[in-house]
Amino acid sequence: MNAIILSALWGVVMMYTGVVTRNTRNHGVMAIIGIILLTIAAWLEFVGVQFFSINLSGMMSFAPYSLVFMMVMFVCTLLYFILSGPDMKDVGDQVSDYYALIFFVLTGVSIVAAFKTLLMLFIGIEIMTIPLYILAASDKRNLKSNEAGLKYFLMGTFSTGLMLMGIALLYGAHGTFFTDGINLGMAAVSPLTTAGLVLLMISMAFKVSAAPFHFWTPDVYDGTPTVFTSFMATIVKAAAFFAFLRLFENAFGKMHVQWQLLIAIITAATLLIGNITAVFQQSVKRMLAYSSIAQAGFMMLALFALNSTGKQGLILYAAAYSLATIGIFAVLVRMKDYTFEGFNGLSKHEPFLSVMLTVFLLSLAGIPLTAGFFAKYYMLVAALKNGNMFWLVIVAVLCAAVSIYYYFKVIQSMFFKEGANTGMRTGGVFKATLLVAAILVIALGIHPDWLLNLLTY
Amino acid sequence: MSTTEILFWFLSALAILSALMMVTSRNPVHSVLWLILVFFAISGHYILMNAQFLAIVNMIVYAGAIMVLFLFVIMLMNMNADTEPQKNKWMKMAGAVASGSLMLVLVAALRDTELRSKGLEGAEGSIGLISQLGKVLFTDYVVAFELSSVLFLSAMVGAVLIGKKN
C-alpha cells in the first residue's frame, strides 16, 4: 500500500513541479527522486514497515511475491528515467506532466501486482492504460502518433469492455468479486463461469498482446514516440502479464485443466507469429515491437504451467526483458535512422554503445551468461514440469532459435558493415547507466538467485 | 399478470426492439436516438428493481451526457446515410459468423443458469437505494472508491495535455 499511495501523490507533486519550474532537467531530477523514494517505500513494506494502516477488507494482499515484482519494476523505471528521461523534451513541452502520467501508471502497476478482487483488477488495469493512451498520442503534430493513440484507445477500451462483461458473468455465477470466492474447483464450473473465464482471457490477451489479439501492437508501438514505447513495451507489459498470471492462478487455478489447452494454443500462436513476422521487418523499432510479442509468448509459458518455477521465472523474465529492452530503446531514441542500415558501422563511432547493445540483444536472444538465458530456461523447465504438452516446449525452443536471427542482424550491422558517423549525443551519465543495466543483465545471468532468493525472504 | 410483470415485458420488448433498430437504421442520427430509447428502457428495468439511484445515473450519464457527445461527433464528422462506407461482403459475413458464435455461447451460458433466490431483488428491496449505496461505497469498497480518483485524475490530466495548445 506504501507504493500505491506514494506513487499517486508523487504524480501530483510532478504536476506542481511543472508549475514551479520550466526547466526540464529539474523535472527529471524530481522524477528520479520520486522513483527512488517509491523503491524505498516498497522495500520498507517488504521488511514489514507500513506507512499507513488501512483496512483493505481483503481487496489487496501485499505478499513478498507481489512486492518483489513491484521493486523490480520500480528499479527498471529508475533506469528508464535516467536513460530516456532527457529525451522526453523532444516530444513536447509538458515534460512534468508526462512524468506525472508515468507515476499514475506505476500506481496501476502496484495495484495489479496486489489485487485480490476483480474490482481492483479492473481499476488497476484502467489506471495503467488510460495514461498510456495519452502518452501514445502525446506527439500532437505527428500523424502517426495520433493514429497510435486512437488505435490504442479504441482497442484498449474494447478489450476493457470484454473484461467487464466477463467480470459481470463471473459475479452472476458466484455472487462475489473476490478471487478466492471464484476459485471453487471443477465442481463449481458452470457455463456462466466458463463464459466469464474466456472473456477475461481474451481481454487479458489483448492487454499483453498475445496472438491472435496482437494486431494493434506493431502499429501502436511504432507510432508512439519512442521514449514512451520503451516504457509501454516493458514495465506496463510485464505488469499486465503479472496481473494475467495472478488472475488465472488465484481465480481459476483449480480449473487449470479446463483452460490449459486454450492457453497452450494462444502461447504457440504468439510464439510463431511474433518470431516469424519479426524476421521480415526493416525497421528496428518495428522489429522490437514484434520481438515484444515473441517475448510475450515465452511469458505465456508461465501461465500455461502455473507452477512455482513458472512464477519465479516470470519475475526473472520481467526483469531480464525490461532491462534489455529499456537499454536498446534508450539508444534507439537517439538514432536518426530506425532501419537496420541506421546501425551500420556503429561500432566504429560508438564502440562502447555497440558493446552494451550487444549485451542487451544477446540477453533478449537468450544466450548463456545473460539474464535472458535463465529467464527462458525457467520458463521451459516450468512447462516441462507441468508435463502435459511436450509439443509446446519444442515450439518454444524452435522459436527461440528463430529469434537469434533477427537479434543478430542488428549486431551484424553494427560490427561488420560500414556506415557514416551520425553524431549521436551521449553523455557520461547515459553511458554509466547503460553500463549498470548491462552489469545487472549479466549478474542475473550468472546468479539469478540474487533476485529469486528475495521471494523466500 | 401483475402491473410489474406487464411493465417488465413491455420494457424488455422495447429495449430489444430499439437495440435492433439502432443497429439496422442507416442514418447515424436515428441510431443515436434509438440508443437513447434503449437506455431509457434499461433505466425502467432498474426502477422495477427499486434501484432508483442507478436508474437516474444511467439516464443522466448515458442517455444525457454521452449521447450528446455522440451527436456532436456525428455532427462534426458530417455523417449521414449517404456517407456510410460500403463494407466488403465477406467482411460482413465474417462479422455475422463471429458475433453469432459469441451470442450462441452467451445464450447457452445464460440458459442453464438458475437465478439465485438470494441475489434477486424485487420491487421492495432496499439494496438500490442511495443511502444503502453510500454506506457500501464508504465502508466495504472505500479503498476502491478512493483509488478510482487516481484514474479520474490521470484522465483529466490527459485531457488537458491533449487539448492544450503548445
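Residues numbered from 1 in each chain as written. Chains lettered and ligands numbered in written order. Predicted model: local features only at pLDDT ≥ 70, side-chain atom pairs only at ≥ 80, totals over all residues.

### Quick word on helix 16 (residues 371–386) of chain A
All names here are of chain A. The condition that has to hold: In DSSP terms, a helix is any run of H or I states spanning at least four residues, a strand is any run of E spanning at least two, and both are numbered starting from the N terminus. Given the number of residues in a helix, its expected span is that number minus one, multiplied by 1.5 Å. Around each residue's C-beta, the other C-beta atoms within 10 Å are counted; 20 or more make the residue buried, 12 or fewer make it exposed, and counts in between make it partly exposed. All C-beta atoms are placed from the backbone. Each residue gets a C-beta atom placed from its backbone, and two residues are in contact if those atoms lie within 7 Å.
Here helix 16 is 16 residues long and its end C-alpha atoms lie 23 Å apart, about the 22 Å a rise of 1.5 Å per residue gives. Most of helix 16 is tucked away: 12 of the 16 residues are buried. What helix 16 keeps buried is the set Ala 371, Gly 372, Phe 373, Phe 374, Ala 375, Lys 376, Tyr 378, Met 379, Leu 380, Ala 382, Ala 383 and Asn 386. Each element contacted by the buried residues of helix 16 is listed here: helix 12 (284–305), helix 13 (308–333), helix 15 (351–365), helix 17 (390–416) and helix 18 (428–446). Remark: Gly 387 follows helix 16 within two positions and exhibits a positive phi of approximately 75 degrees.

### Quick look at the nonpolar core
Filter applied, for reference: Note on terminology: a nonpolar core is any set of buried Ala, Val, Leu, Ile, Met, Phe, Trp, Tyr and Cys residues joined through C-beta atoms within 7 Å.
Ranked by size, the top nonpolar core spans 193 residues in total, and within it Val 112, Ala 239, Leu 301, Leu 316, Ala 320 and Val 441 of chain A carry the most contacts. Apart from residues no more than four positions distant in its own chain, Val 441 of chain A is found in contact with Ala 320, Leu 323, Ala 324, Val 359, Phe 360, Ser 363, Thr 370 and Ala 371 of chain A.

### What to know about the packing of helix 9 (residues 216–223) of chain A against helix 12 of chain A
Residue and element names in this part refer to chain A. Our working rule: What counts as an axis is a line fitted to C-alpha atoms, over the stretch in contact for a helix, and the angles between N-to-C directions run from 0 to 180 degrees. Comment on the angle field: the value is read as roughly parallel under 35 degrees, roughly antiparallel over 145, roughly perpendicular from 65 to 115, and oblique elsewhere. Left-handed is the label given to a crossing in which the near helix is rotated counterclockwise from the far helix by less than a right angle, and right-handed is the label when the rotation is clockwise. All amino acids are sorted into three groups, where Ala, Val, Leu, Ile, Met, Phe, Trp, Tyr, Cys and Pro are nonpolar, Asp, Glu, Lys and Arg are charged, and the leftover types, Gly among them, are polar.
Taken N-terminus to C-terminus, the directions of helix 9 and helix 12 make an angle of 140 degrees; their axes are 9 Å apart at the nearest point. Relative to helix 12, helix 9 is oriented oblique. Read as a crossing pair, helix 9 and helix 12 show a hand that is right-handed. Every residue of helix 12 that contacts helix 9 at Thr 217, Pro 218, Tyr 221 and Asp 222 is listed here: Lys 285, Arg 286, Ala 289, Tyr 290, Ser 292 and Ile 293. Looking at the contact of helix 9 with helix 12, its residues break down into five nonpolar, two polar and three charged.

### Examining helix 10 (residues 226–250) of chain A
Residues and elements named next belong to chain A. Put simply, the test is: Throughout, the bend at a residue refers to the angle made by two axes, fitted to the seven residues ending there and to the seven starting there.
If you check helix 10, its first and last C-alpha atoms are 35 Å apart, about what 25 residues at 1.5 Å a residue would give, namely 36 Å. In the structure, helix 10 departs most strongly from a straight axis at Lys 237, where the bend amounts to approximately 30 degrees. Among the 25 residues of helix 10, 23 are classified as buried, and the element is accordingly described as predominantly covered.

### Describing unusual backbone geometry
Residues and elements named next belong to chain A. Cis rather than trans, the peptide bond between Ala 211 and Pro 212 has omega equal to 0 degrees. Tracing the sequence through the fold places Pro 212 in the loop between helix 8 (191–207) and helix 9. Non-glycine residue Ser 57 carries a positive phi angle of around 40 degrees. Here Ser 57 lies in the loop between helix 2 (24–46) and helix 3 (64–84). Unusually for a residue other than glycine, Leu 369 sits at a positive phi of about 75 degrees. Examined against the element boundaries, Leu 369 turns out to sit in the loop between helix 15 and helix 16. Given 14 C-beta atoms within a 10 Å radius, Leu 369 is considered partly exposed.

### Focus: the environment of Leu 353 of chain A
Residues and elements named next belong to chain A. Locating Leu 353 in the fold gives a position in helix 15. By the C-beta count within 10 Å, which is 21 here, Leu 353 ends up buried. Sequence separation between Leu 353 and Lys 431 is 78 residues, and the spatial gap between their C-alpha atoms is 7.5 Å. Those residues within four positions of Leu 353 in sequence are excluded, and the remaining contacts are Val 331, Leu 346 and Thr 426.

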